[in-house]
Every structure is written in structure tokens, then in C-alpha cells.
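Read off the chains here:
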Amino acid sequence: MDIFSAREEEELKKHGPLALRLRPKNLERFAGQKHLVGEGKPLRRLVESDVLSSLLFFGPPGTGKTTLAEIIAEKTNASFVRVNATSSSVSELRKEMEAARSRLAQDGKRTVLFIDEIHRFNKAQQDALLPAVEKGIVVLIGATTENPYFTVNAPLLSRMRIFPFEPLLQSDIRELLERALLAPEAYLGDVTVDDEALEHLAVMANGDARTALNALELAAALADDVNGKKTVDMTLAEEAVQRRAVVYDRDGDAHYDVISAFIKSVRGSDPDAALYWLARMLEAGEDPLFVARRLVILASEDIGNADPHGLLVATAASQAVHMIGMPEARITLAQATTYLASAPKSNAAYMGIEKALALVKKRPGDRVPPHLRDAHYSGAKKIGHGKGYVYPHDYPGNFIPQNYLPEGMERPKFYEPGENGYERSIKERLERWDALRKKNGDGDE
């Protein structure tokens, strides 16, 4: 490290963000992620033994991905090189790979290459890493806030062990804040934080250590200095936090997780949970038409004929949302959501079409029987089209057993209505018709 870098590091320790000043140097002071770095856990054993393979840290911001990489840097005997994906080019990566190759050949020393925000690398950049990772010239540690299965090339991903990071527990955040208040390197001065205010900072951080520490630092700066002492109360804590940003990225993984939770709540007949996830999406600025379209799909997939009105409600809601827009559209979406969540459920129509499609793929060449073919045009009947077709409306109950399937096909059972809602009536009616088919030789003419 040159004199300028050393001076910069010293200045950052005093004047950099609190989260940076308090970044731990060992696992004992590392907050959260007990499922990864707790006693006896695989990642902890890898770090402590300095036996590393390529790793990928995946999780929300402020959960310790970069911090853990730096702890590894402190413990490893390898050369540690850090690269930021937002500013590195393919040529720079290749230079690093060549330098790693030289260290290994001349000194027998490994290189640990840490790439922050690896999801920002394009395909060419990720491909440039592959040969060195594959041959073991570098041990790659990547950190990403995005789902790596969507953003990291499969060949590279297959050579890395993926470790998911979770948002910190509220208790972890509170412990971190309490530690910061006592740490000399925090340079916060003589600050006391009310218990209620401390709890508020921990809750509103939403599992993000960086957010919590930055809020604490701001609250301490806002507090009045009375004879060298400061007190942070609830008012100051609220002012420092302002309001928590809803964790939701319309273009990222959380987008799919939240809509998944929403759909599963409606499918699971829990209107309260469904409204919560709806509120999460709307508060984060989700396109209300996207939500409306998903409700239309759900109305057929998960409710179907158990309540045929579900599709009418969902379709009307989609049209209304398109017509009125936000913020009033939230009311329409809430009505549709609660109706569908409270409706009887059936996936029989959905399962029926899936079974039918599977059979069609196995038997793509089945022809339409002559009696079912189009007979409305001149000359159609001369070639046998429509011959033998029986018109159901000419019979009592508008039903007459008749074969409507390709010749030689064993009668399948695609649609199996359940016992919920209106489908119970449909099931009883179909059972009566099936009995008549069997009585008349399964409808074969």
C-alpha cells in the first residue's frame, strides 16, 4: 500500500460511512447469517481452514456479503484482488487473470478474486473469467443482490458454490447498533439512544445493517449537544429513518417473489395475506395492470368453475384498472383480490387442459371423425361430412350419447370437477351423462 492509499484508509476510518468504519475483521464480530457462518457450518469451516473453492454470495443489500469477503481476505494466505463489476472491462479482467497465472507459476501463490455486483458483468466479461476459474488459477468470490440463476452464466455458476444471504434478524440489527454506540472507532461521541428509538431503528432497517448504521449516524448528528452529551429519542429516530423503502425491485428477483406470495395467498384463500402482498406491490410502484392480468389468470387456473363469476370479476377489474388508473385502481384490485381469495377453489379446468395437451402431443395425427366434420358447405355431405351426426337439441334434456373423439381413441377423463361451489352441480350433471353413455355403449355409434 502506498502513502496515498494509507492516508485514504485512515481518513475513511474517521470520516467514511459508519457501516464502513465498523466493518468487522473477523467472524466473531460478524452479524447475522448464522446458517452460513455459525459454529460448524460449512462456510465457516471453509474460511477458518483457508481451503477455498469459488463461491457466490447471493442476497439483499446490507447483509454482509462484502464484509465476509474481506474477512476471508484477512484470513487467507492467497493474494486478494478486488474488482467492481460496474467499472471493470474485459481487458482489465484478462490482465488480472495473467497476473494470477504469474503468481501461481513463480511463487506458488493462489489468487482470490472478489467481484462485487457480479450480476452487472455481461456475458463476455463472465466468459473471460471461466478459463481461469475452471483451471483453478483464481478462486472466484462473487457477490450479487440478484438471483444468480437469472444473471450469471450457467457454465460459471456450475463451478461456484452458492451461499444465500438472508436479511438480518431484528435482534442482530439491534445488537449491531448497541455495539456501534460503544465503539470508539464509530466517532459518534457520547450518545444515548432511547430504547424505543433503538427498537425503531432496528425495525425500520428491514434486515439491512448498512441502513441501520447510517440511520443511527444521522440521528446522532441531528441530536442536540448538551454539555458534550447527546440523546436520540423517538422523534429523532423517525426523522433519521424518514420511511422505510419497500423491498421490491420491479426488474429483479423480489418482483417475482412478491407476486408469487400474492398469488399463493389468493390461491390459499387468505384475503388478508393477499391484501398485504398487494399493498407491497402497489406501494413499490408496481404496474396495476400487471397485477390485474395475474388475477385474470388465477380466476381460471385456481377457481375455475367452482365459481364462474370469478373470471367475470377479474376481467371486469382488469378493464376498470385500465380505465381509471392509480390511485383509485387500488380499490378495484382490492375488491377483485378479496373476492377471488374468498371464492371456492378448483383447478380442474387447468388440470384438464394440461392432460389434453399431453395426449395431443402423443397423438398428433388423430383425425376428426366424419360425423363431426364441417357439413355446412355445398357438396360436404356428398363426401360423408356430417353423416350420422345427432343434434342434441332434438332430445330431452338437450343431450344424447354420441362419440365426440377421434375414432379408436379410448375415452379419456380430462375434466374432473370437484366438490366446491358450483362445480358440485357440474359434477352431478356429468355423472348423469356418463351413466347414459355407458347405458348406450359409451356413445359409440
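Right above here is the structure, for reference.
All residue numbers here refer to positions counted from 1 along the written sequence of the relevant chain. Only residues with pLDDT of at least 70 are given local features in this predicted model, and only at 80 or more are side-chain atom pairs given and counted; all residues enter the totals for whole chains, interfaces and linings. Note: side-chain values were computed over all heavy atoms of the structure, leaving out hydrogens and water.

Visitor: Outline helix H17 (residues 309-324), listing residues and values.
Guide: Working definition: helices are DSSP H or I runs of at least four residues, strands are E runs of at least two. Numbering for both runs from the N terminus. One fewer than the residue count of a helix, multiplied by 1.5 Å, yields its expected span. End to end, H17 covers 22 Å across 16 residues, agreeing with the expected 22 Å (1.5 Å per residue, within 8%). Burial status follows relative accessibility: with a 1.4 Å probe on protein chains alone, a residue under 20% of its type maximum counts as buried, one over 50% as exposed, and anything between as partly exposed. Regarding H17, the residues found buried are Gly310, Ala314, Ala317, Ser318, Ala320 and Val321. Buried residues along H17 sit against helix H16 (288-303) and helix H18 (329-342). A positive backbone phi angle near 70° is found at Gly325, which sits one or two residues after H17. Any pair of residues with heavy atoms lying within 4.5 Å of one another is described as a contacting pair.

Visitor: Lay out the pairing of strand S7 (residues 229-232) in plain terms, naming residues and giving numbers.
Guide: Residue alternation in S7 divides its side chains into a buried set, Lys230 and Val232, and an unburied set, Lys229 and Thr231. At least two bridges found by DSSP between two strands is the condition for calling them paired. Both strand S6 (residues 190-193) and S7 contribute to a ladder of 4 bridges, which runs parallel. Note that in S7 the partner of Thr192 across the bridge is Thr231.

Visitor: Kindly report on the environment of Glu199, identifying the contributing residues and their values.
Guide: Its place among the elements puts Glu199 in helix H11 (residues 195-204). Given the relative accessible area of 29%, Glu199 is considered partly exposed. As for Glu199 and Leu218, which are separated by 19 residues in sequence, their C-alpha atoms are 16 Å apart. Dropping the residues within four chain positions of it, Glu199 is found in contact with Gln170 and Arg174. Counted as a polar contact is a pair of N or O atoms within 3.5 Å, where, for protein atoms, one must be capable of donating a hydrogen and the other of accepting one, and residues adjacent in sequence contribute only when both atoms are in side chains. Polar side-chain contacts of Glu199 include one of 2.4 Å to the side chain of Gln170.

Visitor: Just give me the short version of unusual backbone geometry, but keep the residues and values in it.
Guide: Each neighbour pair has its own omega, and for Met326 with Pro327 the value is 10°, a cis peptide bond. Structurally, Pro327 is set in the loop between H17 and H18. Notably, Gln33 is not glycine yet its phi reads approximately 55°, a positive angle. Structurally, Gln33 is set in the loop between helix H2 (18-21) and helix H3 (34-37). Positive phi values are uncommon outside glycine, yet Asn227 reaches one of about 55°. Position of Asn227 among the secondary structure elements: in the loop between helix H12 (209-222) and S7.

Just geometry here; none of it tells us what the structure is for.
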